[in-house]
Amino acid sequence: MRCVFDNATVLYGEGFVAVQGYVVIEDGVINEVGTGGYSGRGADIVDAGGGIIAPCFTNSHVHLGDSAGADLGAYLSIGERVAKSGVKYEAHNHPDAVDAIAASLDLMRQGGTTAFCDFREGGVEGIGLLKSVQNMPGRILGRPLDDEDIFNYCDGLGISTIKEYSGEKLEKMLENRGGKLVAIHAGEARDDVLDAMKIDPDFVVHLTNAGPQSLREVFERKIPIVLCPRANASFGVGLPDLKAIFESDCLIGLGTDNVMANPPNMLREIEFTWKLYRGLYKDPGFDARMVLRAATVNGRRILGLPDNTIKEGNQADFIVTKPMEYAVDPVLALVHRIGPSDIKEVVSPPYPS
Ligand SMILES: [Zn+2]
């Protein structure tokens, strides 16, 4: 089936080059991106009305399990909220916990997110609950209860902090790692990054309180980094050194972290990150495309999911916004002007495929 989104501003390729034109999709794959009006025949033509077409978001770090407790314990410390005996488990044990996870996933999709990575608590059972309402591709990184071999049930291991397990226990858990993902919260409330790096993670999350030596180690090893600045601020634990991190050669993704502490809205995440950087470092030259890339195509790459850059041969996985009549810069229109209700359409591969 051939379908055309005509009369659009298309953010083409990794550089998000604005193309005034159209996108042709054939059986779910982008077949052509052209300039001007579409003049071909035999296609279903959708008039995008001058809206922006951009890759869908990747929420590269989220805990959907605490969706039933929005702002639970908001004025407590991060430890009191998310540690083993933290209040977040009140949300996990809420009678509507699974419905709340489904509602968060719907909210994410409405906001243009079509892939995610969840650090899922609750062992094999917790993984099953999330999978029962999953509506988009995602990487579920579980945490074993007792001696469960988590790798048999999900896409990998998502470790809370390096101090959660003894060295011996970690070694045993990682024995069956195979080709699956292993990721870890590192440097969130304190600098434990060098210890976290000992497990050779596929990516690290946060680096909020990473000192110079820790950052150097991550940068030298080119370990991908997932940042959650809005959640860090919400938890009151500090902010990552965005300047050093964005200037490094590491692949950078963005995530919204605990739904309990931070709504899973990637549009808010990119606005916050972009402005925070400019404000903190007094740098009006910081390019919003860096942030948009982190929030979209980089996340797919970190998680090993199909590329959703808008270019020929890739699956159609993009948002179409309402027209932004007076927007001089379509990237900035996305990064700090639109909200979820301005997204007219989310085009993505069927799930499950
Ligand atoms: Zn987290």
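Just so it is clear, the structure is predicted and the values come from calculations on it, not from any experiment.

Rules used in this analysis
- Residues numbered from 1 in each chain as written.
- Predicted model: local features only at pLDDT ≥ 70, side-chain atom pairs only at ≥ 80, totals over all residues.
- Heavy atoms only, no water.
- Helix = DSSP H or I, 4+ residues; strand = E, 2+ residues; numbered from the N terminus.
- Contact = heavy atoms within 4.5 Å.
- Pairing = 2+ DSSP bridges.
- Axes fitted to C-alpha atoms, helices over the stretch in contact; angles between N-to-C directions.
- Donors = N, O, S within 2.8 Å, 3.2 Å for Na, K, Ca; no water.
- Tetrahedral: all angles 85-135°; square planar, octahedral: opposite > 155°, others 65-115°.
- Buried < 20%, exposed > 50% of the residue type's maximum accessible area, 1.4 Å probe, protein only.
- Lys, Arg positive; Asp, Glu negative; His and termini not counted.
- Salt bridge = Lys/Arg side-chain N within 4 Å of Asp/Glu carboxyl O.
- 1 Å grid on protein atoms, 1.4 Å probe; cavity = no way out; pocket = protein on both sides within 12 Å on 5 of 7 lines; lining within 4 Å.
- Points joined across faces, edges and corners; volume = space filled by probe spheres on them.
- Nonpolar A, V, L, I, M, F, W, Y, C, P; charged D, E, K, R; others polar.
- Domains from an automatic or database assignment.
- Buried area = accessible area lost by both parts, 1.4 Å probe.

What follows concerns the environment of Lys169. Mapped onto the elements, Lys169 comes out in helix H5 (residues 167-174). Linking Lys169 and Asp147, residues 22 residues apart in sequence, is a C-alpha distance of 9.6 Å. Dropping the residues within four chain positions of it, Lys169 is found in contact with Asp146 and Asp147.

In space, the nine strands of this open sheet follow the order E13-E12-E11-E10-E9-E8-E7-E6-E14, with parallel pairing throughout. The sheet is open, and its two borders are formed by strand E13 (252-254) and strand E14 (257-258), each paired with just one other strand. Pairing geometry for strand E8 (residues 138-142) and strand E9 (residues 156-159), over two bridges, is parallel. Its bridge partner being in E9, Leu141 is matched across the sheet by Gly156. Strands strand E6 (57-63) and strand E7 (113-120) of the sheet are contacted by helix H3 (residues 97-110), whose axis makes an angle of about 145° with E7. Packed on one face of the sheet, helix H4 (residues 123-133) meets E7 and E8 and runs near 165° to E7.

This next bit is on the pairing of strand E2 (residues 17-26). Bridging between strand E1 (residues 2-12) and E2 involves nine bridges; their strand directions are antiparallel. Bridge pairing in E2 links Val4 to Val24. Following E1, the chain reverses through four residues before pairing antiparallel with E2; Gly13 in that reversal takes a positive phi of roughly 65°. Bridging between E2 and strand E3 (residues 29-35) involves six bridges; their strand directions are antiparallel. Each residue of the ladder has a partner; that of Tyr22, found in E3, is Gly34. Here E2 folds back onto E3 in antiparallel fashion, the turn holding two residues, of which Asp27 has a positive phi close to 50°.

It is worth spelling out the coordination of the zinc ion at this point. For the zinc ion, the full set of protein donor atoms is His61 (NE2), His63 (NE2), His185 (NE2) and Asp257 (OD), at a range of 2.0 to 2.3 Å. One can describe the donor arrangement at the zinc ion as irregular, given that its four donor atoms subtend angles of 89 to 164° at the metal. Mapping the donors of the zinc ion onto the primary sequence yields the spacing H-x1-H-x121-H-x71-D. With His61 in strand E6 and His185 in strand E10 (residues 181-186), the pair connects residues that are 124 residues apart, well separated along the chain. For His185, a relative accessible area of 7% translates into the label buried.

Along the chain, Arg81 turns up in helix H1 (residues 78-82). Although Arg81 is buried, it makes no salt bridge; Asp71 carries the closest opposite charge, 4.9 Å away.

Attention now goes to the layout of surface pockets. Computed from the structure, the largest pocket encloses a volume of approximately 920 Å³. What lines the largest pocket is a set of 41 residues, among which Val82, Ala83, Lys84, Arg143 and Ser160 lie closest to the centre. Secondary structure elements with two or more residues in the lining of the largest pocket: H1, helix H2 (88-92), H3, H4, E10 and E14. Looking at the lining of the largest pocket residue by residue, the class counts come to 14 nonpolar, 13 polar and 14 charged. What lines the second largest pocket is a set of 19 residues, among which Pro137, Gln315, Pro349, Pro350 and Tyr351 lie closest to the centre. Broken down by secondary-structure element, the contributors of at least two residues to the lining of the second largest pocket are E7 and E8. When its residues are assigned to classes, the lining of the second largest pocket shows nine nonpolar, six polar and four charged.

Moving on to the domain arrangement of the protein chain. Domain annotation for the protein chain reports domain 1 (2-55 + 308-347) and domain 2 (57-303). The interface of domain 1 with domain 2 comprises 19 residues on the first partner and 20 residues on the second. Summed over both sides, the interface of domain 1 with domain 2 buries roughly 1,800 Å², with 64% coming from carbon and sulfur. Applying the counting criterion to the domain 1 and domain 2 interface returns two salt bridges. If you list the elements that add at least two residues to the side of domain 1 that touches domain 2, you get helix H13 (330-336) and strand E16 (343-347). Here the side of domain 1 that touches domain 2 gets five residues from one element, more than from any other, and that element is H13. Along the lines of polarity and charge, the residues of the side of domain 1 that touches domain 2 split into twelve nonpolar, five polar and two charged.

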